[in-house]
Amino acid sequence: MNSFSPRVNTLLKEMTLNEKIGQTFQIVAGFYHEEGIKIEDLTGPITDETVAEDVLWNIGSIIDNASCDPERNRRVQETFLEHNRLGIPLLFMADIIHGYKTCFPIPLAMTCAFDPEPVLEYARTAAAEARAAGIHVTFSPMLDLSRDCRWGRVMEGPGEDPFLGEMAARAYVEGYQGANEDELKRQDRLAATLKHFAGYGFVMGGRDYDETDITEHTLREYVLRAFKAGVDAGAELVMSSFTTFEGVPANGNKKLMQDILRGELGFKGVLISDCGSINRIQGYHVAASGKEASRMAVDAGCDIDMMGFRYINDIKTLLAEKKMTMEQLDEMVGRILTLKEKLGLFEDPFKGISKERTDALYLCEDHRAKARRAAQKSMVLLQNNGLLPFSKDVKTVAVIGPNGGDININGNWSSHCDCKDSVKVYEGVQNAIPGANVLLERGCEFTARDEALLHRAVEAAKQADLVLLALGEKDCWSGEACSTTNIALTPCQMELARAVVKANPKTVALLINGRPMDLTELSGFAPAILECWFPGTEGGNAIADLVFGDVEPTGRLAMSFPYCVGQVPTYYNRSQVSHYNPSGSPNVWFQLRYSNCSIHPRFAFGHGLGYTKFSYKGLTVPAAMIRGGEITVSCTVANEGDRPGTETVQLYLRDEFAQVIRPLKELKGVQKVTLQPGEERLVSFTITEEMLKYHHRDFSFCADAGAFQVFIGHDSTVEEYKVFELKDEYPAAERQ
Ligand code: BGC
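Residues numbered from 1 in each chain as written. Predicted model: local features only at pLDDT ≥ 70, side-chain atom pairs only at ≥ 80, totals over all residues. Heavy atoms only, no water.

Draft legend 1. Main features of the site of the ligand. By nearness alone, 13 residues border the ligand, and D95, R153, H196, D274 and E480 come closest of all. Here an oxygen atom of the ligand sits 2.8 Å away from a polar atom, N or O, in the side chain of K195. At 2.6 Å, a side-chain N or O of D274 approaches an oxygen atom of the ligand. Taking 310 Å² as the accessible area of the ligand by itself, protein coverage stands at 91%. Classifying every residue of the shell around the ligand gives six nonpolar, two polar and five charged. (Near = heavy atom within 4 Å. Polar contact = N/O pair within 3.5 Å; in protein donor to acceptor, adjacent residues only side chain to side chain. Areas by Shrake-Rupley, 256 points an atom, 1.4 Å probe, with all protein chains shown as cover. Nonpolar A, V, L, I, M, F, W, Y, C, P; charged D, E, K, R; others polar.)

Draft legend 2. Spatial organisation of the nonpolar core. The biggest cluster of nonpolar side chains holds 93 residues, and the ones touching the most others in it are I400, L468, L519 and L522. It is strand 14 (residues 466–472) that contributes the most residues to this core, six residues altogether. In terms of nonpolar packing, the next biggest core, distinct from the first, is built from 90 residues, V8, Y176, A226 and F227 among them. (Core = buried A, V, L, I, M, F, W, Y, C linked by side-chain atoms within 4.5 Å. Buried < 20%, exposed > 50% of the residue type's maximum accessible area, 1.4 Å probe, protein only. Helix = DSSP H or I, 4+ residues; strand = E, 2+ residues; numbered from the N terminus.)

Draft legend 3. Region of the structure containing helix 12 (residues 311–320). Here helix 12 has its buried residues at Y311, I312, D314, I315, L318 and L319. Burial along helix 12 is one-sided: seen end-on, the buried residues are contained in an arc of 160 degrees. Where helix 12 terminates, the next one or two residues include K322, which has phi positive at roughly 60 degrees. (Arc of directions from axis to C-beta.)

Draft legend 4. Region of interest: the packing of helix 15 (residues 365–378) against helix 20 (residues 539–547). Their axes nearest at 8 Å, the elements helix 15 and helix 20 cross at an angle of 50 degrees. By the criterion of interaxial angle, the relationship of helix 15 to helix 20 is oblique. You can see that helix 15 and helix 20 cross each other, and the crossing is right-handed. Facing helix 15, whose interface residues are R372, A375 and Q376, helix 20 presents N541, A542, D545 and L546. The class makeup of the residues in the contact of helix 15 with helix 20 is three nonpolar, two polar and two charged. (Axes fitted to C-alpha atoms, helices over the stretch in contact; angles between N-to-C directions. Parallel < 35°, antiparallel > 145°, perpendicular 65-115°, else oblique. Left-handed = near helix turned anticlockwise from the far one by under 90°. Contact = heavy atoms within 4.5 Å.)

Draft legend 5. View of the confidence of the model for the protein chain. Here the protein chain shows a mean pLDDT of 95. Residues at 70 or above account for 96%. Confidence drops under a pLDDT of 50 for residues 35–48, and excluding neighbours within four residues, the segment shows 25 contacts in the predicted structure. (pLDDT = per-residue confidence, 0-100.)

Draft legend 6. Main features of the domain arrangement of the protein chain. Annotation of the protein chain at the domain level lists domain 1 (6–96 + 188–351), domain 2 (374–547) and domain 3 (614–735). Computed from C-alpha atoms alone, the centre-to-centre distance between domain 1 and domain 2 is 40 Å. Between domain 1 and domain 2, the residue contacts involve 13 residues of the former and six residues of the latter. Across the domain 1 to domain 2 interface the summed buried area is about 710 Å²; carbon plus sulfur atoms make up 47%. The largest contributions to the domain 1 side of the interface with domain 2 come from N65, D95 and D208, which together make up 47% of the buried area. Scanning the region where domain 1 abuts domain 2 turns up five residue pairs in polar contact (both at pLDDT 80 or more). Of the residues that constitute the side of domain 1 that touches domain 2, the class distribution is six nonpolar, three polar and four charged. (Domains from an automatic or database assignment. Buried area = accessible area lost by both parts, 1.4 Å probe.)

Draft legend 7. Quick look at the packing of aromatic side chains. For the structure shown, the criterion picks out 19 aromatic pairs. With 6.1 Å between their ring centres and 25 degrees between their planes, Y172 and Y176 make a pair best called stacked. Here Y172 and its partner Y176 are both found in helix 8 (residues 162–177), four residues apart, which amounts to about one turn of the helix. By relative accessible area, which is 3% here, Y172 ends up buried. We classify Y176 as buried; its relative accessible area is 0%. (Phe/Tyr/Trp six-rings, centres within 6.5 Å; stacked < 30°, edge-to-face > 60°.)

Draft legend 8. Representation of the side chain of N403 within the structure. Assignment of secondary structure puts N403 in the loop between strand 12 (396–400) and helix 16 (425–432). Among the polar contacts made by the side chain of N403, one reaches the main-chain carbonyl oxygen of E473 at a distance of 3.2 Å. Among the polar contacts listed, one links the side chain of N403 to the backbone oxygen of I512, at a separation of 3.2 Å.

What follows is the structure, encoded as structure tokens:
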């Protein structure tokens, strides 16, 4: 007996085979989203793909990454329902990654807040805007832990740390879906998709779509944690990865999908392939035909074939050849119908779709204010010789650089957002200081030097009281299929930077980009560097807020910045190894070293400056924790500067001995503490046995008795620690 509702079971009884197969099929909305085109036109392009018409009217879902037009979406649904025999509505899905109309900072940036709030605010905002346009499912959050900034998709994810990944996962799911299942029916909620299951962040050489070769230990200890948090938070969908695990494509990997995802993590929702990825199983040469690829995906429990045209062509044959069962198909279809039911589509397939609502919601003041706060919290002040914050008492500000003008500062995964709606860097300065003379100079193209532009930029820099030098990446340089072997700023941008700083030392380098970059040379001479990421709709305003000190920078790096691309992968939670070299120096032989570079990153995980200085003292750690109990550790944090400020206090643990190699440090807690000048506060964290657990040689998840080091500090480089012992029980003498 299945666990589906009476309605879903009744439908399953009534549906014909074609109607069932249709549910597992997803096509791109572009087939019928041209202005004025009715759904009847569907048959045109799709018949070219040899899909029978009786299936077309039974399609389960569409992917819509272009239209934000509620009326068009309503029309599509209406026409579809007129043709669909049982009145089963279409699901509208879309890649809403960091904004629908109001664009928030890229996900990697929002993780840098070390605080779930920006993600929560973003997800609520995006859900409200998108549902009003008729979208039901977002292909977000992307939870791929990644250590390799050559991979362009690091911009979509939570960075290198599983603790932050878990924090992000919970916030995205709660923000999109609401706090409980019933909220999904609301007109301002979306169903969330955890992706890409699993291990995509470990593509070889950072090359998008390449194979992955990670151990089951790495998978469980690092990769799965955010997914588990997302499943526990109730995410309705999971998307499979394009990549492989243990040599088997994820999409057809029974161990990964059935045993681990559905079995161990307890995922009960809809599993969707990535775009065409069932078909692409053939490209791995582990399935001799499309039909065999479909069989692998069915066996792995994949319910929806996104844009692959495999299920639609193969399922009938697989059934006829007894290579899959009707029970399997009913399970797949039952899960898809259940999602439609949970979204309330059977009661009202048009719930929330309204032009009045989109007019009121898109880019409204409230949404813009939230995007601005998220951008403020995401930016990371990497270095500052005291230049920042800069007084607003300026006459002339020069905004120089290829990212300073009318350019896309939303990033590559924001197809629904219009970059014209975004406040550019120079506009942010104009808004902040209406009386100021703002000079705008490109200085160079992203990749090409231009003598005349360079000259004009230097002249502008000379005239200015302050220069904002906006460098970084073009929006399309990071994101899917955007791997690179070079993470440095382009030579012409570096030439510009050198010339501008020479012309005017009151220069702040603003970086607008989607991945950690090689800032080694720039950090050698730039008075201040603010990592702004792709900051979204309110980017320019948020930058001005920080530069002129209306708001203090509080972001911290969620990914390490290496000295150079040759150091990649660089990640703070690296394992303890026999030849570890704490100094990182090249001058130590026969230990972990590069002959020409430190082994440590240029800017470490957790790093980020504010406008005041904090000190830490009095780390207090009890001697022991009894299994099943908990301890409180603490430290006094003081604001030593003359401005109020917010410190991101970070708790790290290190397990001294274990059955398998364990990280040098693991982030286990974060607290934001706001202190007035001269104020100090005791900051405490609770450590539980749960926080000490890891996967053993047999993959059991538990904590061993023994010593653990506790660090509380500003970032992952914190050195001072105290030790406690996890004990199985009190020694007899202490028992009474
Ligand atoms: C990406 C997914 C995305 C899908 C649909 C794929 O190429 O890997 O992340 O959700 O396309 O646009």
